[in-house]
Amino acid sequence: MPDRLPRPDRSRLRPRRRRADDVATTPPPGLGDPVAAAGGDWFDDADRSSEGPSRSRRFGRESRASRPGRPSPAGPATDDGGSGRRRPPRAPRAAGRREPPWLVIAGILLVLLAVIVLVSSCGGDDPGSEDRAVVPADPGSTTPVGRTALSLLRPDAEARQDDLTRRAEAGFANPLYRQVPGGAVASAARVTKYRALIEEVAKDGDEDPDVLEGMVYLESAGRPEVLAGGDIAGAAGLTQIVAGTGTQLLDMKIDLGRSRTLTGRIAREVRRGRDAEADRLRAARARIDERFDPKKALEATVRYLKFARGQLDDREDLAVASYHMGVGNLQDLMKAVGQGTTSYARMYFSIDPRRTPEATALAVKLADDSTSYLWRVGAAERIMRLYRDDRAALTRENELQNRKASSEDVLHPVESTKVFADPSDLADAERSGEVEGLPRTALRANGIRIDRAMGELAPRLDQPRSRYRALRPGALAGLLTIGATVQALNGDATPATRLTVTSTVRDRDYQAMLGAENVQATRALSQHTTGWAMDISRSYPKGDTAELFQWTLTRLQALNLIAWVREPTAIHLTFDSRAATELAPVLRQAGVGR
C-alpha cells in the first residue's frame, strides 16, 4: 500500500478522470478448478491480478480542420469575425513569375520510389520466410540499462529448461495453497484417496501417474462432485471435463438433461440432511454422466492426453498444457512464436511483447491463466510429493503461503529474515550498505519517479523523509529492472513513461504508526520492514505502459524473483533475495551501489 495517509474524497468537487487501471494481480487458475480463475498469469495476476489487463487509452492527434483558426470546410473565412465584409483584393502577381511545377515534381518522385521498391524486391525469396514469425526491431537497444534489463528477462530457455521449469512452478504455486478448500494439506489428503485408481488408469494408458495426480489436484482438489460455476454443461467432475468435449471428443456417456435433474435433487437432499439419499442419487448420476465417475473421468483424461500428443509431436508437456488451453489455441501460439513444435518452456519464455507481438496478443486474449497451466500442474505434483514424503514441510509451506495475498512470506519468512526495528536500526543499515537510498537521477532516467508523499510520517519520528526512501540492493536492482524494461519495451528515447514508486522500506515504529491511521496497512508484520518490498502506483501515463508492466511482472514471477499482488491503488511486490545477484548487472550498468 502507498506510504501515505488516506486523502479526503474530493470526487464530489471535481470531475473524475479515467485511468488505465490495467494490471492484474496474480492470475486465478483456470477452468473450473478451485484453484483457477491471470501470475499473474498476465496472461492472468497482472490482476493478472487475472482480472485481465485493461487496455490503456490512446490519444490521437487533433485533426487539422478542427483546430482553432483553420478555415472551415463550409466556405472561405472572413477577416472580421464573420461580419460579412470582404477582404481587399490581392495585388496582381508580378509579371514573369511562375509557380514551380509541383505536380510534375511529385510524379517524378513517385516513379523513383517505385523503381527503388522494385529493385529491392528482386533479391529472391527466403525459402523459410513463411514459417518464421516476424520479429520487429527491438527498442531495448535504446539504452545500455534497458538492454541489460531485457537480457535478464529473456533467458535462454533451451539451455536452462529444467531450471526455468522449476522456477515457474514455484512462481505460480500460491493459488494452489490459498484457493483450494481447506488449504494444501487437506486438498492433498483428498487427492491421495484416488492414488491407487490414478496409478491403475495411468498404467493402462501409459501415462505418468504423478502428472495425472497433479492434474486432479489442480482441477478439482480431489472433489469428484465439483462443478465449475454451477453449470452442469460446463467443467465437472474429478478432472473437470466440459460436457461437449466429453461427448464429442472423449466418447463419454453424458445425458445432460437427466444429469441436471439429478444434480438439483442431490442439492435438495443435502440441504435436508438426508445424506444416504444424496449418495444414492450421486451413484445414479455417475451412471448417466460419466464425468462424475472418478474412474471414467480419469480414463477420459488419459484419452485426451493421447489425442493431444498425437497432434503435438508426442510431447507430454505440450499435451498437458493443452488440457486447459486447447490444442488449437496452443498450436496457434506456437505458430506465432515461430519456433515450430518445441518444448513448452522454450515457447513460453519466448513470448515477448516486441519480439513476438502476435504471440503476446494471443496469450493476452486467452486471459484465463491458460499459459501458466503446465507450471501449476508441476506445482501440484510437488505438493503431492511433499504430502507423501515430508508432510511437516508441506504444513509449514501451507502456513507461509496463506499468511498474505501473495507468496512473499515464502520468499522471506519473517521469523528468519532481518527486520528493521526502529529509525536507528534503519540508519545503521544505510551506513553499512545493507539498504541503499533511492537514487533519484538513475530512477528517473529509467522510467521511475519517487512519490513526493513517501515517508510523510517521518517527522513524527524526528527523521528525514529520505530515511524511508531506500531498499535492499537486490530490491533496488529489481525496481530499476522493472522501470528500464517497461521503458525499453515502450521504445522511449527519453524517460517519458514513468511508473511511480509510492512506498519502500519502513521500520517497525513507522509501520505501527501507519497501521494505526491507514486501514490499508497490514496488521501482520509487513515485508516493508525487511527492505525487500515496495509499492508501485497503478496509474499509468502513456500508451502500452500497463500491458508492458504486466508482462514484466509476470516474467519476474515466472523466474520466481518476485511475489506480487494488486492493492486498491498500487501493485505491492516483494523481491526474492536472489535478485541481489541475478539482477545486479542492472545496478552496475546504472552506476548505482557500492
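Everything here concerns the structure above.
Residues numbered from 1 in each chain as written. Predicted model: local features only at pLDDT ≥ 70, side-chain atom pairs only at ≥ 80, totals over all residues. Heavy atoms only, no water.

Caption draft 1: Region of interest: the sheet that holds strand β6 (residues 499–503). Taken together, 5 strands build an open sheet; the order of strands is β4-β6-β7-β9-β8 and the sheet is mixed. At either margin of the open sheet sits one strand with a lone partner, and together these are β4 (448–450) and β8 (562–566). For this sheet, the mean inter-axis angle between neighbouring strands, taken without regard to orientation, is 30 degrees. Where β8 lies against strand β9 (residues 570–575), 5 bridges are found, and the strand directions are antiparallel. Directly across from W564, in β9, lies its bridge partner L573. Sitting on the sheet, helix α23 (residues 545–558) is in contact with β6, β7 (533–537), β8 and β9, with an inclination near 140 degrees to β8. (Pairing = 2+ DSSP bridges. Helix = DSSP H or I, 4+ residues; strand = E, 2+ residues; numbered from the N terminus. Axes fitted to C-alpha atoms, helices over the stretch in contact; angles between N-to-C directions. Contact = heavy atoms within 4.5 Å.)

Caption draft 2: Focus on the side chain of S407. Inspection of the secondary structure puts S407 in the loop between α17 (391–401) and α18 (408–411). Among all residues touching S407, those that are not within four sequence positions of it are N174, Q401 and A563.

Caption draft 3: Representation of the side chain of R154 in the model. Tracing the sequence through the fold places R154 in the loop between α2 (144–153) and α3 (161–171). On the basis of relative accessibility, which here comes to 13%, the residue R154 falls in the buried class. A polar contact is formed between the side chain of R154 and the side chain of D352, at a distance of 2.6 Å. (Buried < 20%, exposed > 50% of the residue type's maximum accessible area, 1.4 Å probe, protein only. Polar contact = N/O pair within 3.5 Å; in protein donor to acceptor, adjacent residues only side chain to side chain.)

Caption draft 4: Region of interest: helix α7 (residues 209–220). Compared with an ideal rise of 1.5 Å per residue, which puts 12 residues at 16 Å, α7 spans 16 Å between its outermost C-alpha atoms and is within 8% of the ideal. Counting buried positions along α7 gives 10 out of 12 residues, so the element sits mostly inside the fold. When we look at burial in α7, the residues that qualify are V211, L212, E213, G214, M215, V216, Y217, L218, E219 and S220. Lining the buried residues of α7 we find α4 (175–178), α5 (183–192), α6 (195–205), α11 (294–311), α12 (316–325) and α16 (373–389). (Expected span 1.5 Å × (residues − 1).)

Caption draft 5: Structural detail: the nonpolar core. In terms of nonpolar packing, the biggest core is built from 112 residues, with Y217, Y344, L573 and F575 touching the most fellow members. Listed in part, the 12 residues of the second largest apolar core include F420, Y468, V505 and Y510. (Core = buried A, V, L, I, M, F, W, Y, C linked by side-chain atoms within 4.5 Å.)

Caption draft 6: Looking closely at the packing of α6 against α7. The interhelical angle for the contact between α6 and α7, taken along N-to-C directions, is 130 degrees, at an axis separation of 9 Å. When the axis of α6 is compared with that of α7, the two are oblique. Here the hand of the crossing between α6 and α7 comes out right-handed. Across the interface between the two elements, R195, I198, E199 and A202 from α6 touch P209, D210, L212, E213 and V216 from α7. Here the contact of α6 with α7 is built from residues that sort into 5 nonpolar, no polar and 4 charged. (Parallel < 35°, antiparallel > 145°, perpendicular 65-115°, else oblique. Left-handed = near helix turned anticlockwise from the far one by under 90°. Nonpolar A, V, L, I, M, F, W, Y, C, P; charged D, E, K, R; others polar.)

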